[in-house]
Amino acid sequence: MSGHTNRRRFMAATAGGLAALNELKFLGALPAVSAAEARLEPDRVRFSDDIEPLVRVIEDTPREKLLEEIAARIHRGLSYRELLAALLLAGVRNIEPRPVGFKFHSVLVINSAHLASLASPDEQRWLPIFWALDYFKKTQAEQLSQHRWALPPVRESALPRAGRARAAFIEAMDNWDEAAADVAVTALARTAGEQEIFELFARFGARDFRAIGHKAIYVANSRRTLDCIGWQYAEPVLRSLAFALLAHEDGNPKDGDAEADRSWRVNLPRAAAMPIEWTAGKSDSAATGELLATLHTGTPDEAAAKVVTLSAAGMSPQTIWDALFVGAGELLLRQRGIVALHAVTTANALHYAYATCGDDQTRRMLMLQAASFVTHFRDAMQSRGKIAEVELAKLEPLPTTGEHTVAEILADISRDRLTAARKLLGYCHSNPVPSDFAEAARVLIFTKGNDAHDYKFSSAAFEDYLRVSPEWRGRYLAASVYWLRGSGDADNKLVARTRAALSG
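The model shown is predicted, which means the values in this text are computed figures rather than measured ones. (Residues numbered from 1 in each chain as written. Predicted model: local features only at pLDDT ≥ 70, side-chain atom pairs only at ≥ 80, totals over all residues. Heavy atoms only, no water.)

> Mind showing me how you'd approach the overall build of the chain here?
Tallying secondary structure elements over the chain gives 24 helices and zero strands in all. Out of the 504 residues belonging to the chain, those deemed buried represent 60%. Partitioning the contacts of the chain with sequence separation of at least 6, the portion at a separation of at least 24 is 82%. (Helix = DSSP H or I, 4+ residues; strand = E, 2+ residues; numbered from the N terminus. Buried < 20%, exposed > 50% of the residue type's maximum accessible area, 1.4 Å probe, protein only. Contact = heavy atoms within 4.5 Å.)

Written as C-alpha cells, this is what we have:
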C-alpha cells in the first residue's frame with residue numbers, strides 16, 4: 001500500500017473516533033523533532049557540560065510549572081536528546097529503584113515514551129516526553145512523602161582496579177552483595193564497553209522472577225535509552241540498575257531455593273543441552289501451537305523443557321518466540337490486569353536482550369527464561385481471581401460493519417474488548433501489517449493515556465507485533481486491545497496543558 005493511501009485511510013478511519021487529533025495541530029508550529037535526531041547512534045550523541053543545570057531544573061521546578069518552563073526552553077533551542085538525558089538522570093538520582101515498579105515507573109517508562117516518540121509524526125514527538133516529565137514530578141512527590149532518597153556518592157576508595165572490575169561485579173551479583181556490586185559496577189562503567197556491560201546485565205536481569213518482570217524491563221530500557229542519549233551518562237544509571245536487580249525478600253537467594261530463582265537454575269543445564277545449530281531450524285506453525293498449549297496449562301519447568309524439545313526437533317527460534325509472544329498476549333484474555341500486562345512487556349524486554357546479546361549461552365537462557373516466565377505470570381494471576389479458559393489460538397474473527405474499519409475497532413475497545421479483538425483479528429486477515437491501526441491507536445495513548453502502563457504496554461505491543469510471524473501476528477495484535485485505549489475513553493487533561501505550554 002502506498003504512503004499516500006496509508007495516510008488517507010488513517011485520516012478516514014479516525015475521522016469520528018479520533019477527533020482529538022485535530023487538537024494536536026498546534027504542535028506543527030514548534031521545532032520538529034526529526035526521527036534522525038532521536039535515533040542518532042551513541043557515538044554521535046554528545047551533550048555539553050551544562051546537562052547538570054537542566055537536571056536541576058527538572059528536579060526543582062514545581063510540577064505545576066515544569067511543562068511551561070521546559071516549553072520555553074524548547075523555543076530557545078533545547079533539543080529532544082538533551083531533555084531525554086536530563087529526565088533519565090533526574091529519575092535515577094531521585095527515585096529509589098526498590099521496589100522495581102510502582103513509583104519507579106517514572107524511570108522505567110522513559111524508553112517507552114521515547115519509542116512512542118520515534119513512531120510519531122515529527123510534530124507530535126514532544127507529547128510522550130512531556131507526559132513523562134509530568135509523571136516524574138508525580139513520583140518525585142511520592143518518593144518524598146515516603147522517605148527522602150538519593151543515589152549516594154561513589155565510594156571511590158573502594159573501587160576495584162580496572163583489570164578486576166568484571167570479575168568483582170560478577171562475584172558481587174552472584175553473592176547478592178549490594179555494597180560490593182555498587183563499587184564494582186562503577187569501575188566497570190568506567191573501563192568496559194557498552195556491549196560487554198549489557199551482556200552481563202542481561203543475564204542478571206533474567207535470573208529471577210521477582211517484581212513481575214521489572215528487572216528484565218529495566219535492563220532493556222536502560223540500555224535502549226543510553227543508546228540514544230549517550231553512554232557518557234551510563235555510570236549512575238548502571239549503579240541504579242545493579243541496586244534494582246539485587247532486590248529480594250528475606251534471606252540471601254544464593255543460600256536458598258526460592259521459586260523465583262528456580263527456573264534459572266534448572267534452565268542452565270537445559271541451555272547447554274540444546275543443539276549446537278539451535279538458531280538454524282525451520283519455522284512451523286504447528287510447533288508454535290504445541291508450545292502455546294504447554295504455556296496454557298504447563299508448569300514453568302514444562303514450558304522450558306518443551307522449548308528444548310522443539311529446538312532438538314529442528315524448530316527455529318522464530319517458531320518458539322511466536323508462541324512466547326502470543327502466549328503472553330493470551331493472558332490478557334484470560335484475566336485482564338496488571339500481571340498479564342507485564343507478561344507482554346517482559347516478553348518484549350527479554351526478546352530485546354535476546355536479539356541484542358552476542359553470547360550464545362546467554363541467548364539460550366533468555367529464550368528458556370521467557371518460556372518459564374510466561375507460566376510464572378499465569379500462576380501469579382491466580383491470587384487475583386478467576387483465570388478464564390480461553391485460548392487465543394481459537395479466537396474467531398468478526399467482520400467490521402462500517403466503512404471506517406479502524407475507527408469502528410477503536411470505538412469497540414471502549415464498549416466491548418472481545419468484540420474489538422475479534423474484529424481486529426478479522427481485519428488483520430486482509431491487512432497483515434495493519435500499520436493504520438497501530439498509528440491510530442498510538443494517537444489515543446497520547447490523548448487519553450494517563451498511566452505509565454499505557455505507554456509501556458503500547459510501545460511493547462506495537463514493536464512486537466511486527467516480530468511475530470504473519471500467521472500469528474493478527475492473534476497477537478488482537479490481544480493488545482485488552483489494554484489499549486478506546487476512542488470513547490476520557491481525554492487526558494495533560495494534553496490541553498501541554499498545548500497551552502508549547503503554544504505560548
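Further notes follow.
> What am I meant to see in the pattern of salt bridges here?
When charged atoms on two side chains of opposite charge get close, those side chains can pair. Scanning the entire structure with this criterion turns up 39 salt bridges. Between Arg497 and Glu68 there is a salt bridge; the shortest N-O distance is 3.0 Å. Of this pair, Arg497 sits in helix α24 (residues 493–503) while Glu68 sits in helix α4 (residues 63–75), placing them 429 residues apart in sequence. Classification of Glu68 as partly exposed rests on a relative accessible area of 33%. Put simply, Asp379 and Arg378 hold a salt bridge, and the shortest N to O gap is 2.8 Å. (Salt bridge = Lys/Arg side-chain N within 4 Å of Asp/Glu carboxyl O.)

> Is there a simple way to think about the environment of Glu64 in this case?
Examined against the element boundaries, Glu64 turns out to sit in helix α4. Separated by 433 residues in sequence, Glu64 and Arg497 have C-alpha atoms that sit 9.9 Å apart.

> I tried to follow the nonpolar core on my own but got confused; where do I start?
Side chains of nonpolar character tend, in soluble globular proteins, to be buried together. Of all hydrophobic cores here, the largest spans 165 residues; its most connected members are Ile70, Phe169, Phe201 and Phe437. The biggest single contributor to this core is helix α17 (residues 338–356), with 11 residues. Aside from chain neighbours lying at most four places away, what touches Phe201 is Phe169, Val185, Val219, Leu238, Leu241, Ala242 and Leu245. (Core = buried A, V, L, I, M, F, W, Y, C linked by side-chain atoms within 4.5 Å.)

> Where do I start with the side chain of His296 in this structure?
Along the chain, His296 falls in helix α14 (residues 285–297). In contact with His296, not counting residues within four places along its chain, are Glu330, Arg334, Arg378, Glu389, Val390 and Glu391.

> What am I meant to see in unusual backbone geometry here?
Note: most peptide bonds trans; most residues except glycine with negative phi. Across the junction of Arg98 and Pro99, the peptide omega takes the value -5°, indicating a cis bond. When you line up the elements, Pro99 lands in the loop between α5 (80–94) and α6 (105–118). A positive phi angle, near 50°, is found at Phe102, a position not held by glycine. Topologically, Phe102 is positioned in the loop between α5 and α6. At Ile212, a position not held by glycine, the phi torsion is positive, near 35°. Within the secondary structure, Ile212 sits in the loop between α10 (194–205) and α11 (214–229). The class for Ile212 is partly exposed, based on a relative accessible area of 25%.

> When you look at the packing of helix α21 (residues 435–448) against helix α22 (residues 452–464) in this model, what are you seeing that I'm missing?
Think of two packed helices as two axes; the pair is described by the angle between the axes and how far apart they sit. At their nearest, the axes of α21 and α22 sit 10 Å apart, and the two run at 170° to each other. Taken together, α21 and α22 sit at an angle that is classed as roughly antiparallel. Contacts from Phe437, Ala438, Ala441, Arg442, Ile445 and Phe446 of α21 reach α22 at Asp454, Tyr455, Ser458 and Phe462. Split by residue class, the contact of α21 with α22 holds seven nonpolar, one polar and two charged. (Axes fitted to C-alpha atoms, helices over the stretch in contact; angles between N-to-C directions. Parallel < 35°, antiparallel > 145°, perpendicular 65-115°, else oblique. Nonpolar A, V, L, I, M, F, W, Y, C, P; charged D, E, K, R; others polar.)

> How do you make sense of the packing of aromatic side chains when you look at a structure like this?
By convention here, two paired aromatic rings are described through the distance between centres and the angle between planes. For the structure shown, the criterion picks out 13 aromatic pairs. Aromatic pair Phe169 and Phe201: ring centres 5.1 Å apart, planes at 50°, arrangement tilted. Of the two residues, Phe169 sits in helix α8 (residues 165–174) while Phe201 sits in helix α10, which places them 32 residues apart along the sequence. The exposure class of Phe169 is buried, given its relative accessible area of 0%. Between the aromatic rings of Trp278 and Tyr354, the centroid separation amounts to 6.2 Å while the plane-to-plane angle is 65°, which identifies the pairing as edge-to-face. With a gap of 76 residues between them, Trp278 in the loop between α13 (259–273) and α14 and Tyr354 in helix α17 connect regions that are remote in the sequence. With relative accessibility at 2%, the residue Trp278 sits in the buried group. The class for Tyr354 is buried, based on a relative accessible area of 7%. (Phe/Tyr/Trp six-rings, centres within 6.5 Å; stacked < 30°, edge-to-face > 60°.)

In short, geometric facts, not functional conclusions.
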